[in-house]
Amino acid sequence: MAEPTSRSGKKVVQASSAPQTAKQTADVRAEADKRVTEGTGWKATPEAKASAGSKRVIAVILWVVAIVLEAVGIWYMLFILRGTNVDGDPNVQPSWFFWALLALLVVIGIFTIIGSQLWKAANQADPASRQEPVRFFVQNQLGALIPLIAFVPIIIVILLSKNLDGRTKGFAGAVGGILLIVAVLLGISYSPPSQEANTEGVIANAGQVDDYTAIVAELTSGGDDVWWTPGGKVYHLCEDASAVNQTSAANEIDHGTVADAHAQGKAGLTLQVDQELGECSLAVPTDLADIDAHIHQLRDEYAAQQASNPEPATTP
């Protein structure tokens, strides 16, 4: 893959691809929508679906625990601390309640946030279809909606309670408000995944299969075998590559041709070719710098294609 030169000896550099027109972008989106509707678009593998299902179950359990803890706190404030003493004054809160309430809010926040991150990871592995707007919105933004349920009621009870002292109301209300904001912001899916978006990725890099096949063949002495993980974005040169042996939810390594990898929505070959040549006991080609540059160019073109097809606003 040595760089071509002209007769004068000047280096010939391939110009970057022209940006897509609005019509081309619309055509890609329409084709992706059509393929998903017909059942020929991108689909999560059974392993990815299983992994996503496990994450969602754990997320729901964490959310349920968080909401139950919230209910316990509300119950205590409404039914145990309510009422007045013999002098007609509101019952005084126990000395330990201030710290217990703060700890309760923090634990609710931790469970809520962890659940939201697991839910978002599950959506990446097994996304919804944007052609079902209500389900698409709820599935992608549930991680931002749950914190409202887990925090707003208890914050209201804290601020309105007549049996809590000013310090408890101020600190606990502030902590609850901060945790609510953080949990919502972390739970929002700003670029929600969809089956159609992944299908657009397949369409976008379909034209790159031949280029990547040639690159892999040169790096592996004629081979067309690559390896990847179900949740990974790229594929690798061998099963011994460190990237595919890292701990993952699916705990497996998939194997197939370059075309197979692209059909699974992988963006392209890893950018860590130099490292993987050593890990895979492959010879280092003399034009490795040129190969790296070509891979970067292909990845940039793919990224540009994806950027030109943003997801629509996530409203039902």
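Position numbers for residues count from 1 along each chain, tracking the sequence in the order it is written. Local features in this predicted model are restricted to residues whose pLDDT is 70 or higher, and side-chain atom pairs enter the listing and the counts only when it is 80 or higher, whereas totals over whole chains, interfaces and linings include all residues. To obtain the side-chain values, all non-hydrogen atoms of the structure were used and water was disregarded.

Caption draft 1: Structural detail: the overall build of the chain. Numbering of helices and strands starts at the N terminus; helices are DSSP runs of H or I of at least 4 residues and strands are runs of E of at least 2. In terms of helices and strands, the chain carries ten helices and two strands. Residue burial is assigned from relative accessible area. The probe radius is 1.4 Å, only protein chains are included, and a residue is buried under 20% of its type maximum, exposed over 50%, and partly exposed in between. With 316 residues in all, the chain has 41% of them scored as buried. Put simply, 79% of the contacts in the chain that link residues at least 6 apart link residues at least 24 apart. Using a 1.4 Å probe, accessible areas were evaluated by the Shrake-Rupley method; residue-level cover was limited to the displayed protein chains. Carbon and sulfur atoms provide 62% of the accessible area of the chain, an area that totals close to 16,400 Å². Here a residue-residue contact requires only that any non-hydrogen atoms of the pair lie within 4.5 Å.

Caption draft 2: A nonpolar patch on the surface, seen in detail. Judged by side-chain polarity, V60, V64, V68, V72, W75, L78, F79 and I80 come together as a nonpolar surface patch covering roughly 710 Å² of accessible area. With respect to the secondary-structure elements, L78 resides in helix α2 (residues 46-80). A residue is classified by how much of its surface remains accessible, and L78, at 42% relative accessible area, is partly exposed. Every patch collects residues that have over 30% relative accessible area and no salt bridge, joining them within 9 Å if they carry like charges and within 5 Å if they are nonpolar side chains (Val, Leu, Ile, Met, Phe, Trp, Tyr). By salt bridge we mean one thing: a side-chain nitrogen of Lys or Arg within 4 Å of a carboxyl oxygen of Asp or Glu.

Caption draft 3: Quick look at the state of the cysteines. Note on terminology: disulfide denotes any pair of cysteine sulfur atoms within 2.5 Å. Scanning the entire structure with this criterion turns up one disulfide. One disulfide bridge connects C238 with C280, the sulfur atoms lying 2.0 Å from each other. Because the sign of the S-S torsion sets the handedness, a value of about -85 degrees for the bond joining C238 and C280 places this disulfide among the left-handed ones. With a gap of 42 residues between them, C238 in the loop between β1 (226-228) and β2 (254-256) and C280 in the loop between α9 (273-279) and α10 (288-307) connect regions that are remote in the sequence. On the accessibility criterion, C280 (13% relative accessible area) is buried.

Caption draft 4: Examining the pattern of salt bridges more closely. Counted by the stated rule, this structure contains five salt bridges. Across the pair E31 and R35 runs a salt bridge, and its minimum N-O distance is 2.8 Å. Of this pair, E31 and R35 are both found in helix α1 (residues 22-38), four residues apart, which corresponds to roughly one turn of the helix. Accessibility expressed as a relative area gives 26% for R35, which makes it partly exposed. Here D33 makes a salt bridge to R130, at a shortest N to O gap of 3.2 Å. Of this pair, D33 sits in helix α1 while R130 sits in the loop between α3 (97-125) and α4 (133-160), and the two are 97 residues apart along the sequence. Overall, the relative accessible area of 23% leaves D33 in the partly exposed class. Salt bridges sharing common partners tie together K49, R56 and D126.

Caption draft 5: View of the environment of I188. Within the element layout of this structure, I188 appears in the loop between α5 (166-187) and α6 (195-206). Exposure remark for I188: the relative accessible area of 23% places this residue in the partly exposed category. For I188, the contacting residues outside a window of four places in its chain are K120, Q141 and A144.

Caption draft 6: Summary view of the nonpolar core. With 24 residues, the main nonpolar core has M77, F97, L101, L105, F151, I154 and I158 as its most contacted residues. Elements with a contribution of two residues or more to this core: α2, α3, α4 and α5. In contact with F97, other than residues within four places in its own chain, are Y76, M77, L81 and L164. Core analysis: the second largest hydrophobic core is formed by 23 residues, V209, Y235, V244 and L288 among them. By nonpolar core is meant a set of buried Ala, Val, Leu, Ile, Met, Phe, Trp, Tyr and Cys residues that side-chain atoms within 4.5 Å join together.

Caption draft 7: Up close: the packing of aromatic side chains. Ring geometry is summarised as follows: Phe, Tyr and Trp rings, the Trp one being its six-membered ring, pair when their centres sit within 6.5 Å, and such pairs are stacked at plane angles under 30 degrees, edge-to-face over 60 and tilted between the two. Tallied over the full model, the rule gives seven aromatic pairs. With 5.4 Å between their ring centres and 40 degrees between their planes, W63 and W119 make a pair best called tilted. Of this pair, W63 sits in helix α2 while W119 sits in helix α3, and the two are 56 residues apart along the sequence. We classify W119 as buried; its relative accessible area is 11%. Here Y212 and Y235 contribute two aromatic rings whose centre-to-centre distance is 6.0 Å and whose plane-to-plane angle is 75 degrees, an arrangement assigned as edge-to-face. Of this pair, Y212 sits in helix α7 (residues 209-219) while Y235 sits in the loop between β1 and β2, and the two are 23 residues apart along the sequence. Exposure class is identical for Y212 and Y235. Each is buried.

Caption draft 8: Structural detail: α4. Taking 1.5 Å per residue as the helical rise, α4 with its 28 residues ought to reach 40 Å, and the 38 Å between its terminal C-alpha atoms agrees with that figure. Bend, in this description, refers to the angle at a residue between axes fitted to the seven residues ending there and the seven starting there. At L142, α4 shows its maximal bend, which comes to roughly 65 degrees. One fewer than the residue count of a helix, multiplied by 1.5 Å, yields its expected span.

Caption draft 9: Spatial organisation of the side chain of S129. Tracing the sequence through the fold places S129 in the loop between α3 and α4. The buried category is assigned to S129, whose relative accessible area is 7%. There is a polar contact of 2.5 Å between the side chain of S129 and the side chain of E196. Setting aside anything within four residues of it in sequence, one finds S129 in contact with V36, F136, Q195 and E196. For this analysis, a polar contact is any N or O atom pair within 3.5 Å, provided that within protein one partner can donate a hydrogen and the other can accept it, and provided that sequence-adjacent residues contribute only side-chain to side-chain pairs.

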